Amino acid sequence: MPVYFNEKEVVLPGQLLSDDSKRAGEGTYVMDGKVYASTVGAATIRDGKVDVITFRGPYRPVEGDMVIGIVSDLKPIGIEVDLGGRITALLKIKNIRELASLNLKIGDVVYVRVASSGLRGVFLELDEHFRKIDEGVLLMVTPTKVPRLIGKRGSMINMLKKITGCNIMVGTNGLVVINGPSPTKEFAAISGIRLIEREAHSQGLTDKVLAYVSSLVSGEVGHGAGGKA
Amino acid sequence: MSFLPIKERSFAVRIMNDKIYKLLQQGKRIDERSPYDFRKITIQTNVVEKANGSALVSMGGTRILTGIKVELGTPYSDRPNEGIFSVNAELLPLASKSFEPGPPDERGIELARVVDRCIREGKSIDLERLCLVPGKMVYILYVDIYVLDYDGNYFDPSVMSAMAALATCTIPKYSATGERIEGEYMKVPIRDIPLSVTIGIIKDKLLVDPCSVEENSLDTSIVIGMDSTSNIVAMHKNSPGHIPLSLMESIINVAEEQIGKIRAQFMEAVRIGQEGR
Amino acid sequence: MEQAAKPKLIDESGRRLDGRGPTDLRPLKVEVGVLEKSDGSAYIELGKTKVFAAVYGPKEAHPKHLAVPDRAILNCRYHMTSFSTDERKTLGMTRREIELSKVIREALESVVFLEEFPRSAIDVFIEVVQADGGTRTAGLTAASLALADAGIPMRELIAAVAVGKVDGTIILDPSDIEDKHGEADMPVGIAPRSNTMVLLQLNGKMTKDELKKGLELAQIGIQNIYQAQCEVLKKKYGVSMTEV
């Protein structure tokens, strides 16, 4: 069955992608047996399905995601956690004693696992990876760019950590916490992340980030590309 | 009734409070500025042809559009010899997720009144020259300010865009009988150009022109308006919290110095705008 | 200020006041991603008509009782600045702005996959900075771009334009003065892929033939606007793709 796009072509909502409704994947919809794009994105074929990989868009929680959130309310049924201003998830608590032992206050930042997400809402759970983050710079990146920020098997994020000497925690929801030995190194990490976000789809990005961030760390060039936290 | 301020979140992120203060202690800011620097400022005038005067000012990620409409009307009875100068401000919901649609809320009203105070109290506009027939007919200047994009501190770019719009405004001339004198225009009678600076305070540290992330972490902040000879023409503490009296002298010094720095850029933009008219 | 006498809107050679022919669109400028704080945004200039649109969401619906269990709600506000018109517009929402907010919202609802975001809200804000005719259609065009820019799933884009009737002639994209003195104004919003109308209004009088001609003309204008929409989106996002 033919497809009507070149691999990685930028497609727009309503653009015809395929005549075979069985090939409809992410970011597409089927009408009258044909597959169309539903978002702006790069069209690609993965496992025989036609997918549109979006450039920008809301975070959609999936079970197992490790997210970073901000405690926004403490309630008898659990702790409400803001996952970036769009979604509030609930971390269920067994009893008051457990709540007290976590010692969380409104405004605290936590790293936590998504237990489930559906019509009833988003629920978080305490597991061995749960932790309260005590210091660092919190920033938001476009959630759709998170996979690029992490890179293949963590290559991009590990490279950033190595050059800047910063500890960088990335939530699947796009919230990121950076904690480093000096402001210069933290700013370098932020600038690197902003570069990845801006040019997520450009070629040779890893080398570009490496060169740019290295120069920032060594103080060779001025900053200013860092943008907002 | 005044409600709790609706910020991006109704609470500050704790680790960011710590981080912003620690950076200040080292003379740094979260967006890599120095403590007393303004963000990058751009000023465009005459952006809306249907307005008698207009300006679009951006200060970092905050963008303000001001337009002026001139009408004829009756003066206030207690000021029969003066034209009317009316400032309104609206925080448009497209500027931030913390702005709600609806009539101007207390923040919009506060913004309009602060801008009005900076301009009026400095006697920056000679309102008597906007009078056509005492007690009967005067020019009314409606200065309407819209916040288009909001990343903290809408006060300073608003004062700036209002002044830029006023300085490049052309008023259609009318005769004493209220007839339009075709083809004749006049400038707004401006005596002085006030500008403002917003200074945030965290413990013992000061910072100029806070961005939205910083605003959430400030102990308090104050807007200071100054004219071209560094007279203070308006002050307005615009958030809860204390200002130690011991800090006041350095606050005024910082204000004078920083307003001086942006004034040259402002005057240049206005000069270009006036030539374009 | 008094109403000026009706000027001659089309001269003997068929030229309009601004020099356009009857089927010409005004100069069009389209941009996306123009406002930093929103999730998606767009800006359109059509002659002197200047319009911003911004999208926030999907986010939790507030107040909570407004949330719908199986889909998102879409809120829309069409608003004009006080200095956008010849006479100063009073502050706040006029009845006209409330009506236009509703028809634009309904046009957008017909293409957005609201069912993908249960219990959420999507806010669309349209701000007319300068009004010189065709603001609702420019607003709808910009809003559909802002939704696409925000990555919100939709069936297709929407492009919109007005057609008018002045001095007995059907014209594309009437300016304010043509609208004021003309015999009819018909804003049309079309989803070009399915070729369906999502917004249609008519102020004034047209014969059946004129209506048919008007809709044909609208489609021609919309094709041009749609091309510009597609180009600007592809330009913003069209970068060489690697290891996505």
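Residues numbered from 1 in each chain as written. Chains lettered and ligands numbered in written order. Predicted model: local features only at pLDDT ≥ 70, side-chain atom pairs only at ≥ 80, totals over all residues. Heavy atoms only, no water.

Colleague: A description of the overall build of chain C should follow, citing residues and the corresponding values.
Modeller: Within chain C, the regular secondary structure consists of four helices and ten strands. Start at the N end of chain C and walk to the C end: the helices and strands fall as β-β-β-β-α-β-α-β-β-α-β-β-β-α. Computed over C-alpha atoms, the radius of gyration of chain C comes to 18 Å, within 12% of the 18 Å expected from 2.2 N^0.38 for 244 residues, which places it in the range of a compact globule. Each principal axis of the C-alpha distribution contributes one length, and for chain C these read about 60 × 45 × 35 Å. For chain C, with 244 residues in total, the buried portion stands at 59%. When the accessible area of chain C is evaluated, it comes to approximately 9900 Å², of which 52% is carbon and sulfur surface. (Helix = DSSP H or I, 4+ residues; strand = E, 2+ residues; numbered from the N terminus. Rg over C-alpha atoms; globule rule 2.2 N^0.38 Å. Buried < 20%, exposed > 50% of the residue type's maximum accessible area, 1.4 Å probe, protein only. Areas by Shrake-Rupley, 256 points an atom, 1.4 Å probe, with all protein chains shown as cover.)

Colleague: I'd like a rundown of the sheet that holds strand β12 (residues 232-237) of chain B, residues and numbers included.
Modeller: To summarise the sheet geometry, strands pair through backbone hydrogen bonds and adopt either a parallel or an antiparallel arrangement. Residue and element names in this part refer to chain B. Taken together, four strands build an open sheet; the order of strands is β10-β9-β11-β12 and the sheet is antiparallel. At either margin of the open sheet sits one strand with a lone partner, and together these are β10 (205-208) and β12. Ignoring which end each strand starts from, the neighbouring axes of this sheet average 25° apart. The pairing of strand β9 (residues 195-202) with β10 spans four bridges and is classified as antiparallel. The residue bridging I199 from the neighbouring strand is V208, located in β10. Helix α1 (residues 14-25) contacts β9 and β10 of the sheet and is inclined by roughly 95° relative to β10. Most of the contacts of helix α2 (residues 106-121) go to β12, to which it runs at about 160°, and overall it touches β9, β11 (220-226) and β12. (Pairing = 2+ DSSP bridges. Axes fitted to C-alpha atoms, helices over the stretch in contact; angles between N-to-C directions. Contact = heavy atoms within 4.5 Å.)

Colleague: Before we move on, could you go through the interface of chain A and chain B and cite the residues and values that matter?
Modeller: Counting residues at the interface gives 30 residues for chain A and 20 residues for chain B. Remark: the boundary between chain A and chain B carries three salt bridges. Where B:R14 meets A:D108, a salt bridge forms, and the shortest distance between an N and an O atom there is 3.6 Å. Our enumeration of links across chain A and chain B arrives at three residue pairs in polar contact (both at pLDDT 80 or more). When contributions to the side of chain A that touches chain B are tallied by element, the ones reaching two or more residues are β7 (66-75), β13 (137-140), β15 (175-179) and α4 (183-198) of chain A. Tallying contributions element by element places α4(A) first for the side of chain A that touches chain B, with four residues. Here the residues of the side of chain A that touches chain B are counted per class, giving eleven nonpolar, eleven polar and eight charged. (Salt bridge = Lys/Arg side-chain N within 4 Å of Asp/Glu carboxyl O. Polar contact = N/O pair within 3.5 Å; in protein donor to acceptor, adjacent residues only side chain to side chain. Nonpolar A, V, L, I, M, F, W, Y, C, P; charged D, E, K, R; others polar.)

Colleague: Describe in detail the nonpolar core, supporting the description with residues and values.
Modeller: C:I104, C:L108, C:V124, C:I126, C:L147 and C:L233 are the most contacted members of the largest nonpolar core, which has 70 residues in total. What C:V124 contacts, discounting residues up to four positions off in sequence, is C:A54, C:V55, C:L74, C:N75, C:C76, C:R77, C:L108, C:A143 and C:L147. B:L111, B:V159, B:A162 and B:I259 belong to the second-largest nonpolar core, a separate cluster that totals 67 residues. (Core = buried A, V, L, I, M, F, W, Y, C linked by side-chain atoms within 4.5 Å.)

Colleague: Can you explain the sheet that holds β15(A)? Please cite residues and give values.
Modeller: Residues and elements named next belong to chain A. Read from one edge of the open sheet, three strands run β13-β15-β14, paired in antiparallel fashion. Edge strands, defined here as strands with exactly one partner in the open sheet, are β13 and β14 (167-170). Neighbour-to-neighbour, the strand axes of the sheet open up by a mean angle of 20°, direction not taken into account. Two elements, β13 and β15, share four bridges in a ladder whose sense is antiparallel. By the bridge assignment, M140 is partnered in β15 with L175. Across the sheet, α4 lies against β13, β14 and β15, angled at about 10° from β13, the strand it touches most.

Colleague: Before we move on, could you go through the pairing of strand β11 (residues 121-125) of chain A and cite the residues and values that matter?
Modeller: All names here are of chain A. Alignment of strand β9 (residues 88-92) against β11, held across two bridges, turns out to be parallel. Its bridge partner lying in β11, L90 is registered against F123. Judged from the five bridges that link them, strand β10 (residues 109-118) and β11 form a sheet pairing that is antiparallel. Note that in β11 the partner of S116 across the bridge is F123.

Colleague: Mind laying out the interface of chain C and chain A, listing which residues take part and the relevant values?
Modeller: At the interface, 38 residues of chain C touch 31 residues of chain A. Across the interface of chain C and chain A, roughly 3100 Å² is buried in total on both sides, 55% from carbon and sulfur atoms. Counting across the interface, chain C meets chain A through four salt bridges. With a closest N to O distance of 3.0 Å, A:R56 and C:D149 form a salt bridge. Counting every contact that joins chain C to chain A gives 13 residue pairs in polar contact (both at pLDDT 80 or more). (Buried area = accessible area lost by both parts, 1.4 Å probe.)

Colleague: Tell me what's going on with the confidence of the model for chain A, and back it up with residues and numbers.
Modeller: Residues and elements named next belong to chain A. Chain-level statistics for chain A give a pLDDT mean of 90 and a share of 95% at 70 or above. When pLDDT is averaged over each helix and strand of chain A, the minimum, 82, is found for helix α1 (residues 96-102) and the maximum, 97, for β14. In this model, residues 223-229 is a region of pLDDT below 50 whose contacts with residues beyond four sequence positions or in other chains number 22 contacts. (pLDDT = per-residue confidence, 0-100.)

Colleague: Requested: an account of the domain arrangement of chain A, with residues and values cited.
Modeller: It is common to give the size of an interface as the accessible area that goes away when the parts come together. The domains assigned to chain A are domain 1 (10-54), domain 2 (66-133) and domain 3 (137-217). Just the C-alpha atoms count here: the centres of domain 1 of chain A and domain 2 of chain A sit 35 Å apart. (Domains from an automatic or database assignment.)

Colleague: So what about the side chain of B:S212? Which residues, and what values?
Modeller: Examined against the element boundaries, B:S212 turns out to sit in helix α4 (residues 212-215). For B:S212, a relative accessible area of 5% translates into the label buried. Here B:S212 is in contact with B:D151, B:G152 and C:K37, once residues within four sequence places are set aside.

Colleague: Lay out the layout of surface pockets with the relevant residues and their values.
Modeller: Space inside the second largest pocket adds up to approximately 1700 Å³. Lining the second largest pocket are 50 residues; nearest its centre among them are B:K50, C:D86, C:E87, C:D176 and C:K180. When contributions to the lining of the second largest pocket are tallied by element, the ones reaching two or more residues are β3 (62-73), β7 (170-174) and β8 (180-187) of chain B together with α2 (135-149), α3 (176-181) and β8 (184-191) of chain C. Along the lines of polarity and charge, the residues of the lining of the second largest pocket split into 15 nonpolar, twelve polar and 23 charged. (1 Å grid on protein atoms, 1.4 Å probe; cavity = no way out; pocket = protein on both sides within 12 Å on 5 of 7 lines; lining within 4 Å. Points joined across faces, edges and corners; volume = space filled by probe spheres on them.)

Colleague: An account of the pattern of salt bridges is requested, with residue identities and associated values reported.
Modeller: Once their charged atoms are close, side chains differing in charge can pair, the charge on each being opposite to the other. This structure, assessed with the given rule, holds 56 salt bridges over all chains. Across the pair C:E210 and C:K165 runs a salt bridge whose closest N-O atoms are separated by 3.1 Å. Here C:E210, found in helix α4 (residues 208-237), pairs with C:K165, found in strand β6 (residues 159-166); they are 45 residues apart in sequence, far enough to count as distant. This pair shows no difference in class: C:E210 is buried, exactly as C:K165 is. One network of salt bridges, in which partners are shared, links B:K50, C:R16, C:D18, C:R20, C:R26, C:D86, C:D132, C:D173, C:D176, C:E178 and C:K180.

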